[in-house]
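Take a look at the letters that make up each chain.
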Amino acid sequence: MSWFRKPSSTPLWQDEFPVFTADERYVNRRQFTKFLTLTSLAMFAGNLWILARSLFHRSPSYPRQPVAAAGEMEVGGVKMFAYPTAQDPCILVRTGSDSYVAYSQKCTHLSCAVYYEKDQNRLECPCHQGFFSVADGSVLQGPPQRALPRVALEMKGGQLTAVGMDGESA
Amino acid sequence: MNTNPPQNRGVTAIDGAMVLIVILLIVQIWLLSATLESYLAGHREAAVPGAIISAILFAACLGLYRFVDRIDSDIRQG
């Protein structure tokens, strides 16, 4: 038993371009079904591509970059910087006397710049009213589905240094 | 007694198969977008089940296409 159609005695061009309207309905339906199946194959290929990317993923290396000096900002203060490249704006917030957090400033919804809302102690995206927690960058409210990528910080010798990114797919 | 004219034989079955394929395709498109969203969020563990389910959906679509192809062949070649 063959997988697909029986070998036809008529030439392919006669098979695919029938004379009778009744036969044409079958050809149209079969060709449309073939198109849908090929679209399904494309979706499967997309999933395989994601699988290959996740299996062969290498952790990117990030540079060490001084961000701010200790005491440079007041508690609740904010400083903008770019990390890991000049095209990646980030926001640094001093949340306590000895605690700092930094996140990518690009909203995970449509990449608008988020800013720190001191009164509510949260990060806000003004474009579509998306709100993120200052504590961990998680979504509090609004259309974003993913948390803000967090910048890993290190305090050494009175200097705050960015050393990497968490929660970002490279 | 079968009142269906000969030129309509199998058309209902083909239409039913096409509807099923469209439904499977919608599920597969949603699955791809959900897997991509998870991957971009750093949840790489979603990639394996996403690929497996997508393979199953593609196999089902291929089976339905084979069904349509066979009906077309059987009816038009007698």
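**Student:** I would appreciate a short explanation of the domain arrangement of chain A in the present structure.
**Tutor:** In terms of domain boundaries, chain A breaks down into domain 1 (12–55) and domain 2 (65–166). When each unit is reduced to the centre of its C-alpha atoms, the spacing between domain 1 of chain A and domain 2 of chain A is 48 Å.

**Student:** Can you walk me through helix 1 (residues 11–40) of chain B in this structure?
**Tutor:** Every α-helical turn comprises 3.6 residues, leaving residues that sit three or four positions apart pointing alike. Here helix 1 of chain B spans 43 Å end to end across 30 residues, near enough to the 44 Å set by a 1.5 Å rise per residue. Considered for burial, the residues of helix 1 of chain B that qualify are B:Val11, B:Ile14, B:Ala17, B:Met18, B:Ile21, B:Leu24, B:Leu25, B:Gln28, B:Leu31, B:Leu32, B:Thr35 and B:Tyr39. Tucked inside the fold, the buried residues of helix 1 of chain B contact helix 2 (21–55) of chain A together with helix 2 (47–77) of chain B. Of the residues flanking the end of helix 1 of chain B, it is B:Gly42, one or two places downstream, whose phi is positive at about 90°.

**Student:** Got a minute to help me understand the pairing of strand 3 (residues 89–94) of chain A in this structure?
**Tutor:** Residues and elements named next belong to chain A. When you tally the buried positions in strand 3, you get five out of six residues, the bulk of the element. As paired strands, strand 2 (residues 78–82) and strand 3 are joined by five bridges and run antiparallel to one another. Bridging across to strand 3, alanine 82 finds its partner in proline 89. In this structure, the hairpin formed by strand 3 and strand 4 (residues 100–104) is closed by a connection of five residues.

**Student:** Hey, could you run me through the nonpolar core in this one?
**Tutor:** In summary, soluble globular proteins display a tendency toward joint burial of nonpolar side chains. Ranked by size, the top nonpolar core spans 23 residues in total, and within it A:Tyr26, A:Ile50, B:Ile14, B:Ile21, B:Leu24 and B:Leu64 carry the most contacts. The set of elements that each furnish at least two residues to this core consists of helix 2 of chain A together with helix 1 and helix 2 of chain B. By residue number, the principal contributor to this core is helix 1 of chain B, which donates ten residues. When neighbours within four sequence positions are excluded, B:Leu64 is seen to be in contact with B:Ala17, B:Leu20, B:Ile21 and B:Leu24.

**Student:** Any chance you could explain the interface of chain A and chain B here in plain terms?
**Tutor:** Put simply, an interface is often sized by how much accessible area is lost when its parts join up. On the side of chain B, 44 residues touch chain A, which itself brings 40 residues to the contact. Across the chain A to chain B interface the summed buried area is about 4,100 Å²; carbon plus sulfur atoms make up 63%. On inspection of chain A and its partner chain B, the count reaches four salt bridges. Residue B:Asp69 is joined to A:Arg30 by a salt bridge in which the shortest nitrogen-to-oxygen separation is 3.9 Å. In this structure, the connection of chain A to chain B is made through seven residue pairs in polar contact (both at pLDDT 80 or more). Tallying contributions element by element places helix 2 of chain A first for the side of chain A that touches chain B, with 24 residues. Looking at the side of chain A that touches chain B, its residues break down into 17 nonpolar, twelve polar and eleven charged.

Reading the values: rules and limits
- Residues numbered from 1 in each chain as written.
- Chains lettered and ligands numbered in written order.
- Predicted model: local features only at pLDDT ≥ 70, side-chain atom pairs only at ≥ 80, totals over all residues.
- Heavy atoms only, no water.
- Domains from an automatic or database assignment.
- Helix = DSSP H or I, 4+ residues; strand = E, 2+ residues; numbered from the N terminus.
- Expected span 1.5 Å × (residues − 1).
- Buried < 20%, exposed > 50% of the residue type's maximum accessible area, 1.4 Å probe, protein only.
- Contact = heavy atoms within 4.5 Å.
- Pairing = 2+ DSSP bridges.
- Core = buried A, V, L, I, M, F, W, Y, C linked by side-chain atoms within 4.5 Å.
- Buried area = accessible area lost by both parts, 1.4 Å probe.
- Salt bridge = Lys/Arg side-chain N within 4 Å of Asp/Glu carboxyl O.
- Polar contact = N/O pair within 3.5 Å; in protein donor to acceptor, adjacent residues only side chain to side chain.
- Nonpolar A, V, L, I, M, F, W, Y, C, P; charged D, E, K, R; others polar.

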